[in-house]
Amino acid sequence: MTLTLKQQLSSPAGILKFLVKYNTIFIFILLVIFSALISDVFFTSVNLSNLLKQVSGIGIISIGMLIVILTGGIDLSVGSMVALLAVTFAILVNIFALPLAILMTIVIGFGLGSISGYLVAYQKMAPFVATLALMTIARGMSFIYSKGSPVTFTTVGGQFMSDFANNSTLGIPNIAIVFFIIVICTMVMLRYNVFGRLIIAIGSNEEASRLSGIKVNKYKFLVYAISGALAATAAIIVASRTNLGSPNMGMAWELDAIAAVVIGGASLNGGKGTAINTLMGVLILGLIGNILNLLNVPSYPQQVVKGAIIIFAVLLQRFESK
Amino acid sequence: MKNSANDYRLEMTGISKSFGVVSVLKNVNLKVKPGEIHALLGENGAGKSTLIKILSGVHQKDAGKVILNGEEIAPKNTHEGQVLGINVVYQELSLVNDLSVAENIYLHKLGASKSWMNWKGLIHDAQELLDSLGFKIDAAAKVKDLSIVQKQVVEIAKAISEDTKILVLDEPTTVFDPNDVKKLFQILFKLRDQGVSIIYISHHLDEIFKIADTVTVLRDGVDTGSMPISETDKDGVIHLMIGRELKDLYPVRDIKIGTVPIFQVKNLTAKNTMVHDVSFEVKPGEVLGIAGLGGSGRTETAKLIFGADKKKSGTLILEGKEIKTNSPVDAAGYQIGFVSEDRKEEGVFLPLSIRRNISVTSFKSISSKLGFINVDNEYKKVLGLIEKLNIKTPNSEVNVKNLSGGNQQKVALAKWLSIDSKVIFIDEPTRGVDVGAKIEIYNLINEVAKKGVGVVVISSDMPEIMGISDRILVMHEGTFYGELTKDQFSEENILRYSIGEPLKQYN
């Protein structure tokens with residue numbers, strides 16, 4: 001950073017540059033102000049807490065999507081994985097003690113992600129294709145294991161998770177806290193950990209990374225596995241909120257996750273993107289849904305608005321690269 | 001079309017061209033008659049390709065005139081060039097792998113023709129053309145299924161499918177065996193007799209003397225001579241190609257070369273490239289130069305040693321112990337460094353900061369067991385290198401894409417200097433770098449050598465490689481053809497070995 005904030009904001013051109021650079025945060029703030037003006041309900045704690053609860057699941061898989069996209073890949077399987085792992089968790093929590101059930105679900109998520117990772121890193125399959133296959137497999141399996149209907153939590157452990165997922169600590173929903181912790185860990189990892197730095201290097205120039213002696217395949221494998229583990233975490237959270245695991249969960253969530261990452265300024269070519277901006281992307285998408293709901297806009301027009309916002313955000317980012 | 005006053009078909013006069021501050025062509029003349037084979041010669045970087053690219057419309061000239069059949073032309077792109085009858089067979093193949101041979105040959109026409117494919121006619125015409133060339137190639141086959149020789153033939157067929165007036169071939173025979181070369185020559189003779197003007201670029205002097213009628217030589221962007229081939233001989237041509245003075249571009253260093261080799265390579269042969277039976281050793285503190293023409297296998301050799309290409313056989317010995325480098329990860333683990341010639345594609349991370357570029361190889365020394373980076377150490381290390389290499393930047397957070405070529409190259413070097421390499425391969429250390437930065441890079445290489453590192457420098461720049469090396473190995477067609485000690489250094493000797501000629505004996 002060559003300029004201080006004050007220097008940057010001292011000229012109109014500087015302000016414009018600043019706005020473009022931090023455009024996601026800027027859009028986010030604009031949306032908050034707009035929402036507050038347009039609806040009295042928006043700034044109530046009930047609404048804000050609902051908003052956070054709604055975005056936490058997608059938010060967590062968006063973080064997984066971010067690290068995959070940073071390497072220049074994509075993970076289309078995360079939405080279906082949420083369904084499969086939510087069903088898995090519901091079954092497991094009815095059999096095993098809660099900590100064991102949680103652990104097993106996350107390990108299974110990691111394992112499922114590893115399949116994509118293996119196909120992409122070691123079999124050189126295109127990420128789009130490998131994870132598309134995993135997406136339909138996971139969705140199909142979730143229907144098979146649940147026999148097509150939701151699996152309800154029946155044990156004390158399940159009840160505990162349900163309470164946890166629907167309650168708040170210091171006014172912040174517990175599941176949002178989980179999401180924020182994951183965001184902070186990812187921020188730290190991308191900035192201060194070798195793993196994070198190397199996946200950015202790989203996404204920025206895979207050949208140069210290889211010739212720098214980096215184990216490119218290992219890291220590409222790991223990002224998909226981690227994305228799977230994060231899908232498991234998201235699955236546990238969404239299942240616990242409703243006290244059940246359903247094969248219909250996570251429908252098209254992979255698309256929302258990609259949208260959130262892209263709105264957050266990440267490049268689908270890899271090498272560019274941050275956790276904080278992805279968080280903003282998630283909140284922006286959530287906010288749009290929330291305010292449109294408050295305005296009683298039906299869900300189809302909502303989709304149109306969402307798409308328009310994505311285009312607007314990405315167009316804005318093009319100024320930045322110029 | 002009016003008749004020109006003389007009998008030249010093509011007259012390029014006073015052509016000049018610069019890329020940024022680098023002047024590539026200075027007042028160059030090239031005159032070609034109809035129905036002649038005109039050889040264009042020169043070292044790597046002499047400006048041959050640029051001249052051809054100006055002719056064909058890839059580049060635009062800064063000054064000068066191009067006259068074709070008495071009319072001044074200035075093609076703005078290759079399409080305009082083709083319409084004028086100028087066709088180029090480039091060294092790098094420009095075929096579409098997933099389309100058929102026939103489609104490739106007529107690709108430029110497909111876009112302009114009707115909406116529906118006339119498969120029958122297309123394949124028939126292409127087959128006829130290929131048959132007339134005397135090579136057995138199925139016009140309906142996919143290009144990706146062809147051998148490299150066949151691809152080159154398709155490339156030639158593509159160039160002559162037009163109403164070609166001027167055909168340029170850039171090193172067409174590098175992949176051919178003698179038999180194929182003969183066939184190619186027959187095609188060229190036939191075209192010549194039909195009145196096509198052929199400009200033929202090659203490093204093989206033998207070939208030139210077999211087929212060319214006239215020869216023009218370029219050196220450092222200047223044409224040093226043009227004459228009928230009958231009026232000169234190999235020595236005369238070689239003399240025109242070289243003959244520069246070594247400038248005092250190359251810093252003097254105090255050389256301390258160890259006696260025991262730090263790194264040895266024995267009978268190294270590649271699985272997928274032409275590199276074969278490569279053996280050499282480098283001693284600590286030594287700067288070993290590897291010379292040779294483009295395509296002789298220099299870069300491939302370095303990549304092979306570094307584990308970026310697959311080996312078939314051979315032994316690597318580092319500090320007396322045999323090592324295996326099956327991947328760049330292994331090589332980096334043994335503290336072998338490699339600075340790629342292709343800086344932008346393989347050397348640096350353009351969108352990332354200088355700091356992130358440099359520390360990518362050295363995380364081991366600046367991070368904890370769990371992989372957490374000690375940012376203070378990182379900054380210390382990076383800022384130290386920025387200062388030492390004199391990288392011109394306001395700070396370490398500037399993205400590498402915003403640096404000049406010379407400074408980018410220093411970043412690429414810094415990446416390997418930040419770990420203590422034992423052997424370091426530097427491929428084209430100063431390509432696209434201005435003179436000031438060149439000297440700094442040479443100083444850097446000297447300093448690295450002084451620390452006892454074995455430095456291997458690959459370079460096409462002859463004065464450079466003679467200026468900085470203690471010893472030069474010359475590659476020719478995938479293996480070392482000869483070794484030159486310091487007292488034998490001369491452009492002529494390097495060139496002779498490069499083209500597979502023995503040294504001239506002086507008494």
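Note that the structure is a prediction, hence the values are computed from the model and not measured.

(A) Looking closely at the overall build of chain B. Looking only at helices and strands, one finds 19 helices and 20 strands in chain B. Overall size of chain B, expressed as C-alpha extent along the three principal axes, is 75 × 60 × 45 Å. Residue burial in chain B is summarised as follows: out of 507 residues, 54% are buried. Sequence separation of 24 or more characterises 66% of the internal contacts of chain B that already satisfy a separation of 6 or more. With an accessible surface of roughly 22,500 Å², chain B has 50% of that area assigned to carbon and sulfur atoms. With 63 positive and 66 negative side-chain charges, chain B shows a separation of 4 Å between the mean positions of the two kinds.

(B) Looking closely at the interface of chain B and chain A. The partner chain A presents 24 residues to the 33 residues of chain B that form the contact. The largest contributions to the chain B side of the interface with chain A come from Val329(B), Phe349(B) and Arg356(B), which together make up 24% of the buried area. Counting every contact that joins chain B to chain A gives one salt bridge. A salt bridge links Glu378(B) to Arg197(A); its shortest N-O distance comes to 2.4 Å. The interface formed by chain B and chain A contains eight residue pairs in polar contact (both at pLDDT 80 or more). Elements supplying a minimum of two residues to the side of chain B that touches chain A: helix H11 (328–333), helix H12 (343–347), helix H13 (354–358), helix H15 (375–388) and helix H16 (405–417) of chain B. Residue contributions to the side of chain B that touches chain A peak at four residues, all from H12(B).

(C) Spotlight on the sheet that holds strand E9 (residues 214–219) of chain B. All names here are of chain B. Spatial ordering of the open sheet is given by E6-E7-E8-E3-E9-E10, a layout of six strands whose pairing is mixed. Each edge of the sheet is formed by a strand with only one pairing partner; in this case those strands are strand E6 (86–89) and strand E10 (222–228). Mean inter-strand twist for the sheet, computed between neighbouring axes without regard to direction, equals 15°. As paired elements, strand E3 (residues 37–41) and E9 share four bridges and run parallel to each other. Across the sheet, residue His38 finds its bridge partner in E9, namely Thr214. In the packing of helix H6 (residues 148–160) onto the sheet, contacts are made with E6 and strand E7 (166–170), and the angle to E6 comes to roughly 175°.

(D) Quick look at the sheet that holds strand E12 (residues 278–282) of chain B. Residues and elements named next belong to chain B. One open sheet accounts for four strands, arranged E12-E11-E14-E15; its pairing is antiparallel. Whereas interior strands pair on both sides, the edge strands pair on one side only; in this sheet they are E12 and strand E15 (321–323). Geometrically, the sheet is characterised by an average inter-axis angle of 20° between neighbouring strands, direction not taken into account. Alignment of strand E11 (residues 263–270) against E12, held across four bridges, turns out to be antiparallel. Opposite Val265, over in E12, you have Phe280 as the bridge partner. Contacting E11, E12 and strand E14 (311–318), helix H10 (residues 298–305) crosses the sheet at an angle of about 110° to E11.

(E) Region of interest: the domain arrangement of chain B. Residue and element names in this part refer to chain B. Taken domain by domain, chain B consists of domain 1 (10–241) and domain 2 (263–498). Using only C-alpha atoms to locate each centre, domain 1 and domain 2 end up separated by 34 Å. Each side of the interface is counted separately: domain 1 has seven residues, and domain 2 has 10 residues. At the boundary of domain 1 with domain 2, the tally comes to zero salt bridges. For the pair domain 1 and domain 2, the number of links is zero residue pairs in polar contact (both at pLDDT 80 or more).

(F) Seen up close, the pattern of salt bridges. For the structure on display, the rule yields 21 salt bridges over all chains. Of the charged contacts in the structure, one is a salt bridge between Lys17(B) and Asp62(B), with a shortest N-O distance of 3.9 Å. Here Lys17(B) is found in strand E1 (residues 10–19), whereas its partner Asp62(B) is found in the loop between helix H1 (48–56) and strand E4 (63–68), with 45 residues between them in sequence. Here the salt bridges do not stand alone but share partners, grouping Arg197(A), Arg355(B), Glu378(B) and Glu397(B) into one network.

(G) Structural detail: helix H4 (residues 45–70) of chain A. All names here are of chain A. An ideal rise of 1.5 Å per residue puts 38 Å on 26 residues; H4 measures up with 35 Å between its terminal C-alpha atoms. If you look at H4, its biggest bend is around 40°, right at Ser56. Of all 26 residues making up H4, 21 are buried, and the element is well covered by its neighbours. Immediately beyond the C-terminal end of H4, within one or two residues, lies Gly72, with a positive phi of roughly 90°.

(H) Representation of the environment of Ser279(B) within the structure. All names here are of chain B. Along the chain, Ser279 falls in strand E12. Remark: the alpha-carbon pair of Ser279 and Leu383, spanning 104 residues in sequence, is separated by 39 Å. If near-sequence neighbours (up to four positions away) are discounted, Ser279 is found in contact with Val265, Lys266, Asn267 and Phe480. One polar contact links the side chain of Ser279 to the main-chain amide nitrogen of Asn267, over a distance of 2.8 Å.

Thresholds applied
- Just so you know, the residues in each chain are numbered from 1, in the order the chain's sequence is written.
- Written order determines the labels here, with chains lettered from A and ligands numbered from 1.
- With the structure being a predicted model, the display of local features is reserved for residues of pLDDT at least 70 and the display and counting of side-chain atom pairs for 80 or more, all residues being used for whole-chain, interface and lining totals.
- Only hydrogens and water are removed before side-chain values are computed, so all heavy atoms of the structure are retained for them.
- Only DSSP runs of H or I with at least four residues qualify as helices, and only runs of E with at least two residues qualify as strands; both kinds are numbered from the N terminus onward.
- When a residue's accessible area, from a 1.4 Å probe over protein chains only, is under 20% of the maximum for its type it is buried; when over 50% it is exposed; and in between it is partly exposed.
- Contacts were defined at the residue level, with two residues in contact if any of their heavy atoms lie within 4.5 Å.
- Residue exposure ignores everything except the shown protein chains as possible cover, and the areas themselves are Shrake-Rupley values with a 1.4 Å probe.
- For the purpose of charge, His is not counted, nor are the chain termini; Lys and Arg are scored as positive and Asp and Glu as negative.
- Lys charges are placed at NZ, Arg charges at CZ, Asp charges at CG and Glu charges at CD.
- Buried area adds together the accessible area that both of two parts lose upon being put together, with accessible area traced by a 1.4 Å probe.
- Salt bridges are defined as contacts in which a side-chain nitrogen from Lys or Arg sits within 4 Å of a carboxyl oxygen from Asp or Glu.
- Definition of a polar contact: a pair of N or O atoms within 3.5 Å, with one able to donate and the other able to accept a hydrogen when the atoms are protein atoms, and with sequence-neighbouring residues admitted only if both atoms are side-chain atoms.
- Strand pairing is assigned whenever DSSP identifies at least 2 bridges connecting the two strands.
- The axes are straight lines fitted to the C-alpha atoms, using for helices just the contacting stretch, and the angles between their N-to-C directions are given from 0 to 180°.
- In this entry, domain limits derive from an automatic or database-based domain assignment.
- By this rule, a helix spans an expected 1.5 Å times one less than how many residues it contains.
- Fitting axes to the seven residues ending at a residue and to the seven starting there, one defines the bend at that residue as the angle between these axes.

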